[in-house]
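# Structural characterization, general
Chain by chain, the residues:
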Amino acid sequence: MDDFCHQIYSQVHQIPVGKISTYGDIAKFAGFPGYARQVGRLLSNLPQDSRLPWHRVINSQGKISLVDDGKARQMEALRNEGILISEQGKINLKHYRWDGFLNKKKPDKQRSSGLVF
């Protein structure tokens, strides 16, 4: 597995139950800003029985990008985690978006050492 795949899978694995992230956020958190489409492509190639919580990753408009059975599976998985999806198929990013930190203190904005926390 190359570094890109490893970093993306690592970020997706960290998304907590009941939270979502966007393809672009995952790319950015993994150190690959601007690679949202590649994240989507990578996740779309996961086997159906994958234990990675791929369903917690949506597009930047707060919608599910999949169609047909994939969309139905993702919606069901998200609803099972308590995430509300509007009749228009949107998820409230302000409410459910994961900030990339898992039980860690967010870095101070005043300290900008370039370190990744």
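Right above here is the structure, for reference.
These notes cover the structure that comes with them. (Residues numbered from 1 in each chain as written. Predicted model: local features only at pLDDT ≥ 70, side-chain atom pairs only at ≥ 80, totals over all residues. Heavy atoms only, no water.)

### Description of the pattern of salt bridges
The condition is simple: Within this document, salt bridges are pairs made up of a side-chain nitrogen of Lys or Arg and a carboxyl oxygen of Asp or Glu, the two lying within 4 Å of each other. Helix and strand definitions here come from DSSP, where helices need a minimum of 4 consecutive H or I residues and strands a minimum of 2 consecutive E residues; each element is numbered from the N-terminal end. Per-residue accessibility, obtained with a 1.4 Å probe over protein chains only, is compared with the maximum for each type, and a residue is labelled buried under 20%, exposed over 50%, and partly exposed between these values.
One pass over the structure, following the stated rule, counts two salt bridges. Between Arg 97 and Asp 25 there is a salt bridge, with the nearest N and O atoms lying 2.7 Å from each other. On the criterion of sequence distance, the pair formed by Arg 97 in the segment after helix H5 (93–96) and Asp 25 in helix H2 (residues 23–29) is long-range, its members being 72 residues apart. Classification of Arg 97 by relative accessible area gives partly exposed; the value is 34%. Note that Arg 56 and Glu 81 form a salt bridge whose closest N and O atoms lie 2.8 Å from each other. Taken as a pair, Arg 56 in the loop between helix H3 (36–44) and strand S2 (57–58) and Glu 81 in the loop between helix H4 (68–80) and H5 lie far apart in primary sequence, 25 residues in all.

### Details of helix H1 (residues 3–14)
The condition that has to hold: Expected span of a helix, by definition, is 1.5 Å for each gap between consecutive residues, and there is one gap fewer than residues. By definition, the arc is the one covered by directions from the helix axis to the C-beta atoms. Residue contacts follow a heavy-atom distance rule, with two residues in contact if any of their heavy atoms lie within 4.5 Å. By the criterion applied in these results, polar contacts are pairs of N or O atoms within 3.5 Å in which, for protein atoms, one can donate a hydrogen and the other can accept it, and in which residues neighboring in sequence qualify only through two side-chain atoms.
Spanning 12 residues, H1 covers 17 Å between terminal C-alpha atoms, matching the ideal 16 Å at 1.5 Å per step. Of all the residues in H1, the buried ones are Phe 4, Cys 5, Ile 8, Gln 11 and Val 12. Each buried residue of H1 lies within a common arc of 135 degrees when the element is viewed along its axis, so the set occupies one face. Buried residues belonging to H1 abut H2, H3 and S2. At the N-terminal boundary of H1, the capping side chain belongs to Asp 2, with an oxygen 3.3 Å from the backbone nitrogen of Phe 4.

### Section: the side chain of Arg 56
With a relative accessible area of 9%, Arg 56 lands in the buried category. One polar contact links Arg 56 to Glu 81, side chain to side chain, over a distance of 2.8 Å. Among all residues touching Arg 56, those that are not within four sequence positions of it are Ile 15, Pro 16, Val 17, Lys 19, Ile 20, Ser 21, Leu 78 and Glu 81.

### Thoughts on the packing of aromatic side chains
Working definition: an aromatic ring pair is given by the centre-to-centre distance plus the angle between the planes. For clarity, the threshold we go by: Any pair of Phe, Tyr and Trp rings, taking the six-membered ring for Trp, is counted once the centres come within 6.5 Å. Such a pair is stacked with planes under 30 degrees apart, edge-to-face with planes over 60 apart, and tilted for the rest.
Scanning the entire structure with this criterion turns up four aromatic pairs. With centroids separated by 4.9 Å and ring planes inclined at 80 degrees, the aromatic side chains of Phe 4 and Phe 32 adopt a geometry described as edge-to-face. Placement of the pair is Phe 4 in helix H1 and Phe 32 in the loop between H2 and H3, with a sequence separation of 28 residues. Pairing Phe 29 with Trp 98 gives two aromatic rings, centres 5.6 Å apart and planes at 85 degrees, and the pair type is edge-to-face. You can see Phe 29 sitting in helix H2 and its partner Trp 98 sitting in the segment after H5, a full 69 residues away along the chain. For Phe 29, a relative accessible area of 22% translates into the label partly exposed. The structure contains a cluster of three or more aromatic residues connected by ring pairs, namely Phe 4, Phe 32 and Tyr 35.

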